[in-house]
Each structure stands twice: as structure tokens, then as C-alpha cells.
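# Understanding the architecture of this molecule
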Amino acid sequence: MTTVEVAEDFAQDAHLFAKLLRADGPVRRVRMPRGLDCYIVTDFAQARALLADPRLHKDNRRAYELFEAKLPAGATNQGGFGEALGRHMLNTDPPDHSRLRKLVNKAFTGRTVARLRPRIEEITAELLDALAGQERVDLLPSFAAPLPITVICELLGVAPEDRNEFSAWSKTLLSPSTPEDAQHAAQSMLGYLTGLVEQKRAEPAEDLLSDLVHASDDGDSLSGDELIAMAFLLLVAGHETTVNLIANSVLALLREPEQLALLRADPSLMPGAVEEFLRFDGPIHLATLRFTAEPVEAGEVTIPEGEFVLISLLGANRDGERFPEPDRLDVTRAAGGHLAFGHGIHYCVGAPLARLEAEVALAGLLARFPDLALDAKPDELVYRYSSLVHGLEALPVRLH
């Protein structure tokens, strides 16, 4: 199998990138822009199967060793968070994964998350009130970002004055301009979270991070490093996904006036529409790294042992074999079963919260601003340089 060279700007048209790869076959060997050789999976059936395949591992230490061995001479692991921040449940295999996930599952069940609706509605109303007197805004920093950041920080017990700085570190880690920027952000994040965990140990409050700290102290098996990594995962994943979900959904609607009109005419469509937004233009591009612990058959391809596998969630969700007319937004579509939140044991624990936040945010925004319109040509919009998150750098809109 020939190796496909991935262009530096592949994230600027991630759907076309996945479509072109899938046209050549559902599993392709590629060389990423920083020089890493891996396999990318772009069709729904293979993606879903491999996301749940126990022969694909995620152990952080082994993955780091493989990464260092596979990078060409002189290349730097620009996207890595380092070992200290990487020891969370998304980078572990059973039985450690099961133990770590059990500690947070209860906080993110549908029933538990539903209790947050009044507070999410309150934050949404406050943000919309602040926008009301303006004619043009960038919807990312003014609305799409502060809502989920506020919610997850309140849930975990992060002080309001720390949230902007934390959000900036998060964005740098997921879309770094240089290896030095990524390293600085990782060190800043590590120092902050270490202090935060110690604060919750000394002065526990009624928040999830305090609960996790003291579950560990009471004999559960969260180590100090695991606490810091868990806080990192929950805080970063707990807002980055939803920021992009909200912004991508607004953009999709503004580009499809008929679908926007349907949703305005019947707000009861919103929960199903959120599923379609997740399918149509989800917030995650390529799922986090997995590697083969033994040879794995994927379609007509045998992926050897010790190879990295990247699963295109965007590509899988636009596979015409699974979703008819996949490139068409349809807010009435039965889009359930998409892979925007993954599949298998690593299915996103925060999915119920992300869905609720998107539903409340989008309903509030559309109701408050009936003349909402895009304030840029679609081809002028720039996507963040990232193989993981699929999100815009800015979303300029007109409110009136």
C-alpha cells in the first residue's frame, strides 16, 4: 500500500480530506504533516468496529514510546501533552480505564446532567443579554466559548478569575503554533492543576474535583498524578467539544437558510437537530491516537502490530453507506448512531452535558436574534490547525 502525504492545511477542508481518502479505500496509510506515519480510517463500518476493538490500545506510556520511535529525526512531538497530563482515562486500557471512568460516570449521567439545565439556561441568558446591544460580534469568544467553560469550571470548582487563562492554555495545547508554545502551555497547565488539587485537598468544596480528591484519600485508587490528569481531561474535553459544537452548528444553519427556518418554525426539533449537527459537522476531527497491539484486519487491509491508527469521526459521519445524502444538512434526519462522541469503552463521558449545552445555547440564540446572519464569506473562515478538534478560529456574525 502506498503512503499518502497529508498536506499541511488538511484541517481547512477536513470533510474533503476524508472524502478523498475514502474514495481510495476505507483504510489508508498516510504520513501526517509532522512526519508521523499511521493509518487513517474514514468509513463508518470500519470506524465503528475499530473504536471498540480491544486489539487497539491507548496506553499512554507505550504510545509515547512508539511516537518517539516513529517520528523522523529532528521532528518534535508538537501535539503531546507530556506524561503528567496524559495519564487520564482516555489514554488508558482496562482495567485501569474501568477504574478511572467509574469515578466520574455518576457526575455525567443523563439524569444528573438534567439537573444542570436551569443553571445552563441562566448562563445562556446572561451571555445573550450582553450581546443584545451589539450589531456585529465574533460568536466564539462572546458566546460559544464562555458558556461551556463556565459550566465545566463551576462543576469542577475552578475560580472565575482563572477561567480565561485556563481556556487559553487549552486552546494552545490543542492547536499549538510551535513546539515551544505547546510546552509552555503544558507546564503552565500542570502547575495550575497541581495547585488546584492541593487546594481541594486542604479546603474541599461541593464540586466534582473535591469529590475526586477525597475519593482517592478514602482508599480508592486515584494517585496524585491520576488526579491531575483527570482534572486536565475533564476541564479541557469538558468545554472544547461543546465550544466547537455550538459554533459549527450555528455556521451550518447560517449556510442553510431553509434548515434554519424549519428549526425556527418548530423549536421541538432542536434535540434531534443537535444530533444532526454532531453528524454533519462534529467538533472532533480525528479520534485520539490508538495503536495496534497485534495485527488487525480492517476491510482489505492488514494493519501490522505497533502502528498508530487514526479514526476520522468526520469521515465516518459523512459515509453515504450509513447516512443517505451525507453532505446535506437535514434537521429532521434521524441521525442517531453517529460517531461524533466515539464508540465503545471510550465513548465520551460528557456527551449528555455537551448535548444539553448545545440544545440550550442554540435555542436561546435563535430565539433572541431572529435576524442572525453570517458576517463573512464562508471561504474566508479559518479552521484551527489541529488533527483532533474541528473548530473555527472565529465566527463573525451580524445580530441585527
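Before any of the text, the structure's been laid out above.
Being a predicted model, the structure only gives us computed values, none of them experimental.

So, on to the overall build of the chain. Secondary structure summary: the chain contains 17 helices and 11 strands in total. Relative to its length of 400 residues, the chain is compact, with a C-alpha radius of gyration of 21 Å against a globular reference of 21 Å. Going through the 400 residues of the chain one by one, you find that 54% of them count as buried. Contacts in the chain between residues at least 24 apart in sequence constitute 74% of all its contacts with a sequence separation of at least 6.

So, about the nonpolar core. With 115 residues, the main nonpolar core has F108, L193 and L395 as its most contacted residues. Counting residues per element, this core draws most heavily on helix α13 (residues 224-254), at 18 residues. Setting aside anything within four residues of it in sequence, one finds L193 in contact with L85, F166, I228, A231, F232 and L235. Of all hydrophobic cores here, the second largest spans 17 residues; its members include M32, L36, F308 and L310.

Once that is clear, we can look at the packing of aromatic side chains. As enumerated under the stated definition, the model contains six aromatic pairs in all. Taking 5.9 Å as the distance between ring centres and 90 degrees as the angle between the ring planes, the aromatic pair formed by F44 and F323 counts as edge-to-face. Of this pair, F44 sits in helix α2 (residues 44-51) while F323 sits in the loop between α16 (313-317) and α17 (351-368); the two residues are 279 residues apart in sequence, bridging distant segments of the chain. As far as the burial class goes, F44 and F323 line up, both buried.

Here we come to the packing of helix α5 (residues 96-105) against α13. As a packed pair, α5 and α13 sit with axes 12 Å apart at the nearest point and diverge in direction by 55 degrees. In terms of orientation, α5 and α13 fall into the oblique class. Read as a crossing pair, α5 and α13 show a hand that is right-handed. Residue-level inspection shows R99, L100 and V104 of α5 in contact with α13, the latter providing E226, M230 and L234.

Burial of strand β3 (residues 37-41) is extensive: five of the five residues sit out of reach of the surface. Burial along β3 is two-sided: the face carrying D37, Y39 and V41 and the face carrying C38 and I40 are both buried. When strand β2 (residues 27-31) meets β3, the two strands line up antiparallel, connected through five bridges. Within the sheet, the bridge partner assigned to R28 lies in β3 and is I40. Linking two consecutive strands that pair antiparallel, namely β2 and β3, is a turn of five residues; a positive phi of about 105 degrees is found at G35 within it.

Along the chain, I152 falls in helix α9 (residues 146-156). With 201 residues separating them along the chain, I152 and L353 place their C-alpha atoms 9.3 Å apart. Setting aside residues no more than four positions away along its own chain, I152 makes contact with F108, L234, L235, G238, H239 and L353.

This part is about the packing of helix α7 (residues 117-131) against α17. Put simply, α7 and α17 touch, their axes get as near as 10 Å, and they point 40 degrees apart. Relative to α17, α7 is oriented so that their crossing is right-handed. In this structure, α7 uses R117, I120, E121, T124, A125, L128 and D129 to contact α17, whose residues at the interface are L353, L356, E357, E359, V360, A361, G364, L365 and R368.

Bringing the pattern of salt bridges into the picture now. Applying the stated rule across the entire model yields 29 salt bridges. Close ionic contact of R31 with D37 constitutes a salt bridge, the shortest N to O distance being 2.7 Å. The shortest N-O distance in the salt bridge between R355 and E275 comes to 2.6 Å. Linking R355 in helix α17 with E275 in helix α15 (residues 270-281), this pair joins segments that are 80 residues apart in sequence. Looking at R355, the relative accessible area reads 24%, which means it is partly exposed.

Procedures and definitions
- Residues numbered from 1 in each chain as written.
- Predicted model: local features only at pLDDT ≥ 70, side-chain atom pairs only at ≥ 80, totals over all residues.
- Heavy atoms only, no water.
- Helix = DSSP H or I, 4+ residues; strand = E, 2+ residues; numbered from the N terminus.
- Rg over C-alpha atoms; globule rule 2.2 N^0.38 Å.
- Buried < 20%, exposed > 50% of the residue type's maximum accessible area, 1.4 Å probe, protein only.
- Contact = heavy atoms within 4.5 Å.
- Core = buried A, V, L, I, M, F, W, Y, C linked by side-chain atoms within 4.5 Å.
- Phe/Tyr/Trp six-rings, centres within 6.5 Å; stacked < 30°, edge-to-face > 60°.
- Axes fitted to C-alpha atoms, helices over the stretch in contact; angles between N-to-C directions.
- Parallel < 35°, antiparallel > 145°, perpendicular 65-115°, else oblique.
- Left-handed = near helix turned anticlockwise from the far one by under 90°.
- Pairing = 2+ DSSP bridges.
- Salt bridge = Lys/Arg side-chain N within 4 Å of Asp/Glu carboxyl O.

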